[in-house]
Amino acid sequence: MGLHRKLHSLLFGCGVLCMVVFACAVDVAAQSRPSKSPSSRSVVTGVQPAERADVARFRQRVERALSASGPDKGFWGVQVTDAATGEVLYARNAGYYFTPASDAKLFTTALALATLGPEYRVRTTISTTGTLDANGLLSGDLVLTGRGDANLSNRKFPYERKVEHDGPPEKALAALADAVVARGVKEIEGGVIADDSLFQLERFPSGWTIDDMLWSYGAAVSAVAVNDNTFALELRPGEREGDAAKFTVEAASDFYTIENSVHTSAHGSEEKLAVAREPGSHTIRVSGTMPAGAQTRRLTIAIEEPAEYAATLLARLLEARGVRIHGAARARHAGDPALSGADRAAETVLAERLSEPLAEEIRHVNKNSLNLHAELLLLLAAHQKSGATTREEALKFAADFYKAAGIADGDVVLSDGSGLSRRDLVTPRAIVQMLNYAAAQLWGEI
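Below, the structure is looked at part by part. Every chain is numbered independently, its residues counted from 1 as its sequence is written. Only residues with pLDDT of at least 70 get local features here, since the model is predicted, and only at 80 or more are side-chain atom pairs given and counted; chain-wide, interface and lining totals rely on the full set of residues. Hydrogens are left out, water is left out, and the side-chain values use all remaining heavy atoms of the structure.

### Considering the overall build of the chain
- Numbering goes from the N terminus for both helices and strands, where a helix is a DSSP run of H or I of at least four residues and a strand is a run of E of at least two. The helix and strand tally for the chain stands at ten helices and 19 strands.
- The rule is simple: take the accessible area with a 1.4 Å probe, protein chains only, and divide by the maximum for that residue type; under 20% is buried, over 50% is exposed, in between is partly exposed. Of all 446 residues assigned to the chain, the portion counted as buried reaches 50%.
- Residue pairs in contact within the chain that sit at least 24 positions apart in sequence constitute 74% of those at least 6 positions apart.
- For the chain, the exposed area adds up to about 20700 Å²; of that, 48% sits on carbon and sulfur atoms. Working rule for contacts: check all heavy atoms of both residues, and any pair within 4.5 Å makes them a contact. Residue-level accessible areas treat just the shown protein chains as cover; the underlying method is Shrake-Rupley with a 1.4 Å probe.

### Some thoughts on the packing of helix H4 (residues 171-182) against helix H5 (residues 306-320)
- The convention used is that axes are lines fitted to C-alpha atoms, helices contributing only their stretch in contact, and that angles between N-to-C directions extend from 0 to 180 degrees. Relative to each other, H4 and H5 sit at 50°, their axes nearing to 9 Å. Classified by the angle between their axes, H4 and H5 sit oblique to one another. The handedness of the crossing between H4 and H5 is right-handed. Across the interface between the two elements, Leu173, Ala174, Ala177, Val180 and Val181 of H4 pack against Ala310, Leu313, Leu314, Leu317 and Leu318 of H5.
- Residue polarity follows a fixed list, in which Ala, Val, Leu, Ile, Met, Phe, Trp, Tyr, Cys and Pro are nonpolar, Asp, Glu, Lys and Arg are charged, and the others, Gly among them, are polar. The residue makeup of the contact of H4 with H5, split by class, is ten nonpolar, no polar and no charged. Roughly parallel refers to an angle under 35 degrees, roughly antiparallel to one over 145, roughly perpendicular to one between 65 and 115, and oblique to any angle outside these ranges. Throughout, a crossing is termed right-handed when the near helix is turned clockwise from the far one, and left-handed when it is turned anticlockwise from it by less than a right angle.

### Some thoughts on the sheet that holds strand S5 (residues 137-138)
- Read across the sheet, three strands follow the order S5-S7-S15 without closing on themselves; strand pairing throughout is parallel. In the strand order of this sheet, the two ends are held by S5 and strand S15 (324-325), each with one partner. Here, any two strands with at least 2 DSSP bridges between them count as paired.

### Observations regarding the packing of helix H3 (residues 104-116) against helix H7 (residues 358-368)
- As a packed pair, H3 and H7 sit with axes 11 Å apart at the nearest point and diverge in direction by 180°. In this view, H3 runs roughly antiparallel relative to H7, as classed from their interaxial angle. In this structure, H3 uses Lys105, Thr109, Ala112, Leu113 and Leu116 to contact H7, whose residues at the interface are Leu358, Ile362, Val365 and Asn366.
- The class makeup of the residues in the contact of H3 with H7 is six nonpolar, two polar and one charged.

### Re the sheet that holds strand S13 (residues 283-291)
- Spatially, three strands are ordered S11-S13-S12 in an open sheet, and the strand pairing comes out mixed. Both edges of this open sheet fall to strand S11 (257-265) and strand S12 (272-276), since each of them pairs with a single strand only. Strand-to-strand twist across the sheet, computed as the mean angle between neighbouring axes with direction ignored, equals 5°.
- Where S12 and S13 come together, five bridges link them in antiparallel fashion. Residue Ala274 lies in a different strand from S13, and its bridge partner there is Ser287.

### Focus on the environment of Leu299
- Here Leu299 is to be found in strand S14 (residues 297-302).
- Overall, Leu299 belongs to the buried group, its relative accessible area being 10%.
- Dropping the residues within four chain positions of it, Leu299 is found in contact with Trp215, Phe231, Ala232, Leu233, Leu235 and Val275.

### Re H3
- In this scheme, a helix's expected span is set at 1.5 Å multiplied by one less than its residue total. With 13 residues, H3 extends 18 Å from end C-alpha to end C-alpha; this agrees with the ideal 18 Å at 1.5 Å per step.
- The elements touched by buried residues of H3 are H7, helix H8 (371-386), helix H9 (391-404), strand S18 (412-413), strand S19 (425-426) and helix H10 (428-439).
- Backbone geometry just downstream of H3 places Gly117 in the positive-phi region, at approximately 90°.

### Remarks on the packing of aromatic side chains
- A pair of aromatic rings is counted whenever rings of Phe, Tyr or Trp (Trp by its six-membered ring) have centres within 6.5 Å, and the orientation is called stacked for planes under 30 degrees apart, edge-to-face for over 60 and tilted otherwise. The tally for this structure, following the rule as stated, stands at eleven aromatic pairs.
- Look at Phe255 and Tyr309: their rings are 5.5 Å apart centre to centre, the planes differ by 85°, and that puts the pair in the edge-to-face class. With Phe255 in the loop between strand S10 (246-249) and S11 and Tyr309 in helix H5, this pair connects stretches of sequence that are 54 residues apart.
- For Phe255, a relative accessible area of 9% translates into the label buried.

### Re unusual backbone geometry
- With an omega dihedral of -5°, the bond running from Phe157 to Pro158 counts as a cis peptide bond.
- Tracing the chain through its elements places Pro158 in the loop between strand S6 (142-145) and H4.
- The phi dihedral of Asn227 falls on the positive side, at around 55°, and the residue is not glycine.
- Position of Asn227 relative to the elements: it lies in the loop between strand S8 (192-195) and strand S9 (230-236).
- Judged by relative accessible area, which is 12%, Asn227 ranks as buried.

Here it is in structure tokens:
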């Protein structure tokens, strides 16, 4: 981190007005590979397009920083370009592959803005193909249809300098439930369905790990996304050493069973907590110790089956408002029996919600590195423009966009939209070109 701060100081203190920069390092040089572009196989250092004294000093300072004890163990990729002229002021390994991590979101959010536009909004609905009689009895099912809005939550907009929330995490879903009740629904003969069939059921991109699946940053991808497809588990110690720790679950829907074996340890002792959930299981096991007097620990757990969870939560919210439901809460995925043309013609929308404009969502995604949101933007952009429904189709659509943006063939190899995949590879020069392209667009400032 100290070296990154030093490089930042060097890059923005050399007297060049406009620059775009990408640098990354890995501990073992073998982890980075040259891109497929033939021109990328030579390592360029100390590029000298001009004899300007300030640029020469800058190059020397960067070389000293990267060759110092410690940084010299890493393998660095850097490209510094004057955004106004396109002059490359410094480059090292600029055509070699590095793992981008969340810098991949620069590609995804640029794709979304270019494809959807800054004012694009996502529509979420609750509908039915049944009939509602004068007594409030709804024949048939009640269907929550998700279309990729990642902000069915209590997140406040616009985003300024920090993330803010207003109300309970299920606030957006509760507002939809209120609208259904306001339409006069008192009893549902069928069940409550959450429909995420807009995209194929591919919850975890290639290159995500089993450890990712438990935590908020690895939440499953679904066109239905309530509260970022997460819930909060809060633990607090007991009064005395040996007491069982207590827990509460935020946005509870009885979807998960919590097995809590955490006990209270001596005041001032080290906290030791472990959380486990087997893939596909609805049981979460929490174990370990919390010292007496310790503050509440908040754990944000990812939901592995977002549509099923949303249906269960919506049913609970409706029941809390006095609605009687005869059927079960369940999901409808792509590949499940779809509505017939006649059913769709008879479908009645009982409640709907429009998302914030895409420009507001982009700020949240990039400032706070929201993985689920980036994944949904990738799928949405490809679906709206080309009708893509699978991740493979979306990635192909994105690759065509990167080529059109002037990025060299083979310089971007992404398996997801967020950068969480360990398979993702990009070159420093691809980052620079993406930023140069974005800066020239009407939405570049966004």
